[in-house]
Number of protein chains: 2
Amino acid sequence: MELLKSPLAPANFPNMPAIDGVQLSTRACGIKYQGRKDVLLMAFDEGSTIGGVLTKSLTCSAPVECCQEHLKFGQARAIVVNSGNANAFTGKLGNASVSRTVAATAAELGCAKESIFVASTGVIGEPLPDERITSALGQLKSDLSSDHWQAAAEAIMTTDTFAKGASVKTQVGGKTVTINGIAKGSGMIAPDMATMLSFIATDAALSSAVVQSLISRGADLSFNAITVDSDTSTSDTVLLCATGKAGNAIYQDINAPELADFVSALNGLLRDLAHQVVRDGEGASKFVSIFVSGAESDTAAKKIGLAIANSPLVKTAIAGEDANWGRVVMAVGKSGERADRDKLSIAMGGVIIAKDGQRVEGFDEGPVAQHMKGQDIEVAVDVGICTGSATVWTCDLTHGYIEINADYRS
Amino acid sequence: MELLKSPLAPANFPNMPAIDGVQLSTRACGIKYQGRKDVLLMAFDEGSTIGGVLTKSLTCSAPVECCQEHLKFGQARAIVVNSGNANAFTGKLGNASVSRTVAATAAELGCAKESIFVASTGVIGEPLPDERITSALGQLKSDLSSDHWQAAAEAIMTTDTFAKGASVKTQVGGKTVTINGIAKGSGMIAPDMATMLSFIATDAALSSAVVQSLISRGADLSFNAITVDSDTSTSDTVLLCATGKAGNAIYQDINAPELADFVSALNGLLRDLAHQVVRDGEGASKFVSIFVSGAESDTAAKKIGLAIANSPLVKTAIAGEDANWGRVVMAVGKSGERADRDKLSIAMGGVIIAKDGQRVEGFDEGPVAQHMKGQDIEVAVDVGICTGSATVWTCDLTHGYIEINADYRS
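Residues numbered from 1 in each chain as written. Chains lettered and ligands numbered in written order. Predicted model: local features only at pLDDT ≥ 70, side-chain atom pairs only at ≥ 80, totals over all residues. Heavy atoms only, no water.

Asks: Give me the lowdown on empty space enclosed by the protein, citing residues and values where you can.
Replies: A probe as big as a water molecule, rolled over the atoms, marks out the empty space that is left. Scanning all chains against the criterion turns up 6 cavities of 30 Å³ or more. One number sums up the size of the largest cavity: a volume of about 70 Å³. Of all the secondary-structure elements, those providing two or more residues to the lining of the largest cavity are β4 (78–85), α2 (91–109) and β5 (116–123) of chain A. Among the residues forming the lining of the largest cavity, the class breakdown is 8 nonpolar, 5 polar and no charged. One number sums up the size of the second largest cavity: a volume of about 60 Å³. Lining the second largest cavity we find 13 residues, and of these Asn82(B), Thr101(B), Val118(B), Ser120(B) and Leu128(B) sit closest to its centre. Of all elements in the fold, only β4 (78–85), α2 (91–109) and β5 (116–123) of chain B reach the threshold of two or more residues within the lining of the second largest cavity. (1 Å grid on protein atoms, 1.4 Å probe; cavity = no way out; pocket = protein on both sides within 12 Å on 5 of 7 lines; lining within 4 Å. Points joined across faces, edges and corners; volume = space filled by probe spheres on them. Helix = DSSP H or I, 4+ residues; strand = E, 2+ residues; numbered from the N terminus. Nonpolar A, V, L, I, M, F, W, Y, C, P; charged D, E, K, R; others polar.)

Rendered as structure tokens:
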């Protein structure tokens, strides 16, 4: 099945400048796909720190287990990524395959195994032909260059309909630093369990503890606040690497005022990448922002937001351009979080539809109906309990989703 | 939109005999639909006991709140049900409407208000024109008859494509008793949030405490073990009423050996009705039974089962007749319950596909592919931890679901 580029895709892949201390190369290794790049080597200069966020799935893949282990050391020299095979549900064979890839990469780069990270995305349950990766490492190493960001974003795609990248410049303690990130993911398509992967690099100098805190917090506000179909991959991996080449002073507290601009720029970049994943959601025709306020806590607000975002009835209503606030009420009710039915208010596109638990008197559907015809849909819910708030993002549920996931047989 | 009868519907509505102490009547009151019966009065002789299970939604409807309150008394003289308007998210107007309906029914029947139960299903957010019900009570009362079970099942339908009923005879302490039940529900269709309602009656003599225990336990194994689209209605209501006319001895312990046959018959009837709801699931083309074993507890097994049953990717794979065990693994992983990736086994249609965390060697897809083409799909998962088990039921996710929920505008 030929997938058409998502109608919600950005116009262009962004311009991504070189980052001092980061080099990339890609190669067509024939893991599964023929004639396209399917392996990415990201190499980092000595002294680079790393932090990451991994899938919470209890049936996670062998590469995720490796990342979990290596993140404890906080140092990175390389990330090896392949598309076409997720190396998931491959039992002990999967772990052996990861060990061989890590050992070969560490030998090639002359570094400790604990500084090598791996990620795999694609078909599950099939042994990964890791020799196709390890035998290409020499060539990958000699092809390393500080350009190649777009090629890198392309090499990690599976059923994505566009390559996803973002770049931003900001300041840390008076020094200009750059942050680049790439991502892939568009739901979970069989036979390719289309994992969400994202790799972000910066030349800022950051301790590994700070890198970990930054990515944990940033992912909560971005990758962990999006949902396409509520399904969690066995392989989701987000890694942030800091080379330190910008030579800024190191701050140990992520709340240090000198880090404020960086945190804000990083979170903006993560949100941009996360939005791109949603915009490539399977069959998506609308990008949906859901803002929940008035909840018992921010955590409760996020749970309510995800209950709305994951509701097939809410998602199909939006696909049908139907401002169906009743389905939103239903989703709030099923979230399990406290809400005051008689204080609940709901707005779409900035227009209040229901207030104090009832439809607004003399409600004029015109402006809301107009909003629902657009590509960017906004739903705001106040549950009338306290001051907790959160924003989550999703896409609609369309025939396209069924076509991709049911009509397509491998 | 004309809805075609579900391909999974039973051939016929069952023969439902009279139950001593139960009378029914229905009437076209024009709540929303024109020219079809939309109000049901179920009346019970004095001394009838009642128990019930209600939606856990925190934004539940006014009728649900009333049932919650009246169930504390355990006595029933009538259930008044309307279709066409759910009286949900109607604020204080909704509570006032319920109060008027309860008061008028209690006056008509000459009984305590606490013995009157109400249920409403249909469009939400619109005030219920309760005077159309209360003004018809005199006629409804004079039309009462011990037949009319099929008419009753029809009167409570909204977007159901077939009327749902079940009947069984069994023994309590040597006396023959009958259990009849009707149900409605097929997901949650806007503008009709198609609530799941079920009303069951028996002539057995049972204390109200026992009735409540029986329906709580029975619903856990039936109505609370099914899912069409993971969405929870604001109005779900299941009520079990026992008239005592069979004259059997009363047993206070639901585990009494004299009640064993009754419990088994009741649970079978509840399961039958719950299956009929799934078989009328929006767009359903396949009925799916999911059996989970090897879990930490029965509760954990049910949670894993529901994670599989609610996964859009599993449901679309089944719609596509694809024995996609990878998506089942994914759903196990996201359930949050313990599973041993390297001991997990998965079978479909009785054929083991994966064992000890890997696809079985030399796996022949033929028999499984044949099974997937059928209407009744069986998925069995053993998570390899302990002995907890559970069965849940669902249907597949098809273009029909999208058509009903997105393409249809009110």
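Don't stop here, the text continues.
Asks: Which residues make up the interface of chain A and chain B, and what values go with them?
Replies: Think of interface size as the accessible area that goes away when the parts come together; that is how it is often given. Across the boundary between the two partners, chain A contributes 67 residues, which contact 67 residues of chain B. Carbon and sulfur atoms supply 57% of the area buried between chain A and chain B, which totals about 5200 Å² over both sides. Of all residues in chain A, Phe89(A), Arg341(A) and His399(A) give up the largest surface area on contact with chain B, accounting jointly for 16% of the area buried on that side. Between chain A and chain B we count 4 salt bridges in total. (Contact = heavy atoms within 4.5 Å. Buried area = accessible area lost by both parts, 1.4 Å probe. Salt bridge = Lys/Arg side-chain N within 4 Å of Asp/Glu carboxyl O.)

Asks: Lay out the environment of Ala219(B) with the relevant residues and their values.
Replies: Residue and element names in this part refer to chain B. With respect to the secondary-structure elements, alanine 219 resides in helix α6 (residues 208–220). For the pair alanine 219 and asparagine 267, spaced 48 residues apart in the sequence, the C-alpha separation amounts to 8.1 Å. If we skip the residues at most four places from it in the chain, alanine 219 touches Val53, Asn224, Ala225 and Leu270.

Asks: Could you give me a rundown of the relation of the copies chain A and chain B, with the residues and numbers involved?
Replies: Mapping chain A onto chain B calls for a rotation angle of 180 degrees and an axial translation of 0.0 Å; the resulting RMSD is 0.0 Å. Taken together, the rotation and translation relating the two chain copies correspond to the operation of a two-fold axis. Closest to the rotation axis within chain A is the C-alpha of His399(A), separated from it by 3.0 Å. Both copies share a contact surface, since 100% of the interface residues of chain A are interface residues in chain B too. (Least-squares fit on C-alpha atoms with pLDDT ≥ 70 in both.)

Asks: I'd love a proper account of the side chain of Ser222(A), names of residues and values included.
Replies: All names here are of chain A. Mapped onto the secondary structure, serine 222 falls in the loop between α6 (208–220) and β9 (226–227). Given a relative accessible area of 1%, serine 222 falls into the buried group. Within the structure, serine 222 has its side chain in polar contact with the backbone oxygen of glycine 218 (distance 2.7 Å). Residues within four places of serine 222 in sequence aside, it is in contact with Leu270, Arg271 and Ala274. (Buried < 20%, exposed > 50% of the residue type's maximum accessible area, 1.4 Å probe, protein only. Polar contact = N/O pair within 3.5 Å; in protein donor to acceptor, adjacent residues only side chain to side chain.)

Asks: Talk me through the pairing of strand β8 (residues 197–202) of chain A; I want residue IDs and the actual numbers.
Replies: All names here are of chain A. Among the 6 residues in β8, 6 count as buried, and that is most of the element. Both strand β7 (residues 175–184) and β8 contribute to a ladder of 6 bridges, which runs antiparallel. Within β8, the position partnered with asparagine 180 by the bridge is alanine 201. With 6 bridges connecting them, β8 and strand β10 (residues 237–242) associate as parallel partners. Within β10, the residue paired with alanine 201 across the bridge is cysteine 241. (Pairing = 2+ DSSP bridges.)

Asks: Pulling in residues and values, what's your account of the packing of α6(A) against helix α7 (residues 260–279) of chain A?
Replies: All names here are of chain A. Orientation of α6 relative to α7, taken along the N-to-C sense of each, is 50 degrees, at an axis distance of 9 Å. Relative to α7, the element α6 is oriented oblique. Considering the relative orientation of α6 and α7, their crossing is right-handed. Contacts between α6 and α7 involve Leu214, Ile215, Arg217, Gly218 and Ala219 on the former and, on the latter, Phe262, Val263, Leu266, Asn267 and Leu270. Broken down by class, the residue content of the contact of α6 with α7 amounts to 7 nonpolar, 2 polar and 1 charged. (Axes fitted to C-alpha atoms, helices over the stretch in contact; angles between N-to-C directions. Parallel < 35°, antiparallel > 145°, perpendicular 65-115°, else oblique. Left-handed = near helix turned anticlockwise from the far one by under 90°.)

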